[in-house]
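Notes for the structure review
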Amino acid sequence: MTDETRGPERLSTDLEPRSTTPTRPNENPFHGHDALASYLGDIRAMRTFTRAEEVQLATELADATAAFREGLLSIPFTARELVRRWRALAERNRVTGKLSESFGSGSLDNAEVSERVDAKLASVERALRRRERLEGQRGVTAELERLDRRTVRLLGEADIALRVLEEIRPSVLARLAALDRIEDEREELRSPRRQPRSESGHTKRRAELRELSRRRRKLELKVGLPHARLTRSAAGLEDAWQQLHAFKNRFIDHN
């Protein structure tokens, strides 16, 4: 076949335009007008609170917040962490008053707030030192409880910011989880199916259990509470935490 009789050459398909189906605006739920209409429809269908309902919810929110504060402040580790943060700010010449909920609220001069925080946390630091000297001694339970009550009162007077307490909460839960793991290991080693058969095996097992007990005691001293008490405190703390955020979300949704 000659060039004259050959038909026109076809261009490569790679150069041919590909058919595409454009997305229609109405198919995108977040597209301009549709998103606005959807949002307006949602808020129109949501009932706003009456004044009485707002007061009730505000009371419930305040109670949950107070329970969360009290629960976290009752754990000595919280006081130690707050003193550590306070010291770190002071050493860098930063404003220590920012640890308080009152800072920037306008109810008090910020300098006064910082002075109050400094005074209260200095007293907390002294109480913690006294507590550390007593820990591990016999017959000091009443004195430790007195020091803990004083520490909670001082931190309450310092009006520690809720955001700061929320930052400390995961550290408390992490230490509880570590204690839980130690207890799980102890239970596993004590399980009848894991009992050693030789005398050397029994000797090794006793050493392993002593090491776990040592680790547990060291961690309990850091937290300031025995594992069982920390478990109970954390359970109440988490209940208050869940309620606090449930009430807060309800308030946001209906206003």
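Remember, predicted model here, so these are calculated numbers, not experimental data. (Residues numbered from 1 in each chain as written. Predicted model: local features only at pLDDT ≥ 70, side-chain atom pairs only at ≥ 80, totals over all residues. Heavy atoms only, no water.)

1. A word on helix α4 (residues 110-134)
- End to end, α4 covers 36 Å across 25 residues, agreeing with the expected 36 Å (1.5 Å per residue, within 8%).
- All of the buried residues along α4 are Val113, Ser114, Val117, Leu121, Ala122, Ser123, Val124, Glu125, Ala127, Leu128, Arg131 and Leu134.
- The elements touched by buried residues of α4 are α3 (76-91) and α5 (141-158).
- With its phi angle positive at about 90°, glycine 136 sits one or two positions after the end of α4. (Helix = DSSP H or I, 4+ residues; strand = E, 2+ residues; numbered from the N terminus. Expected span 1.5 Å × (residues − 1). Buried < 20%, exposed > 50% of the residue type's maximum accessible area, 1.4 Å probe, protein only. Contact = heavy atoms within 4.5 Å.)

2. Brief notes about the pattern of salt bridges
- Counted by the stated rule, this structure contains 22 salt bridges.
- The salt bridge involving glutamate 101 is made with arginine 69; its shortest N-O contact spans 3.0 Å. Here the residue glutamate 101 occupies a position in the loop between α3 and α4, and arginine 69 occupies one in helix α2 (residues 51-73), the gap between them amounting to 32 residues.
- When the shortest N-O distance is used, the salt bridge between arginine 146 and glutamate 143 registers 2.9 Å. Of the two residues, arginine 146 and glutamate 143 both sit in helix α5, three residues apart, roughly one turn of that helix.
- One connected set of salt bridges, linked through shared partners, spans Arg80, Arg131, Glu135 and Asp148. (Salt bridge = Lys/Arg side-chain N within 4 Å of Asp/Glu carboxyl O.)

3. What to know about the packing of aromatic side chains
- Applying the stated criterion across every chain yields a total of one aromatic pair.
- Directly above the ring of tryptophan 241 sits arginine 169, whose terminal nitrogen or CZ lies 4.0 Å from the centroid. (Phe/Tyr/Trp six-rings, centres within 6.5 Å; stacked < 30°, edge-to-face > 60°. Lys NZ or Arg CZ within 6 Å of the ring centre and 35° of its normal.)

4. Side note on a positive patch on the surface
- Together, Arg92, Arg94, Lys98 and Arg163 line one region of the surface with positive charge.
- Assignment of secondary structure puts arginine 163 in helix α6 (residues 162-190). (Patch = residues over 30% accessible without salt bridge, like charges linked within 9 Å, V, L, I, M, F, W, Y side chains within 5 Å. Areas by Shrake-Rupley, 256 points an atom, 1.4 Å probe, with all protein chains shown as cover. Lys, Arg positive; Asp, Glu negative; His and termini not counted. Charge placed at Lys NZ, Arg CZ, Asp CG, Glu CD.)

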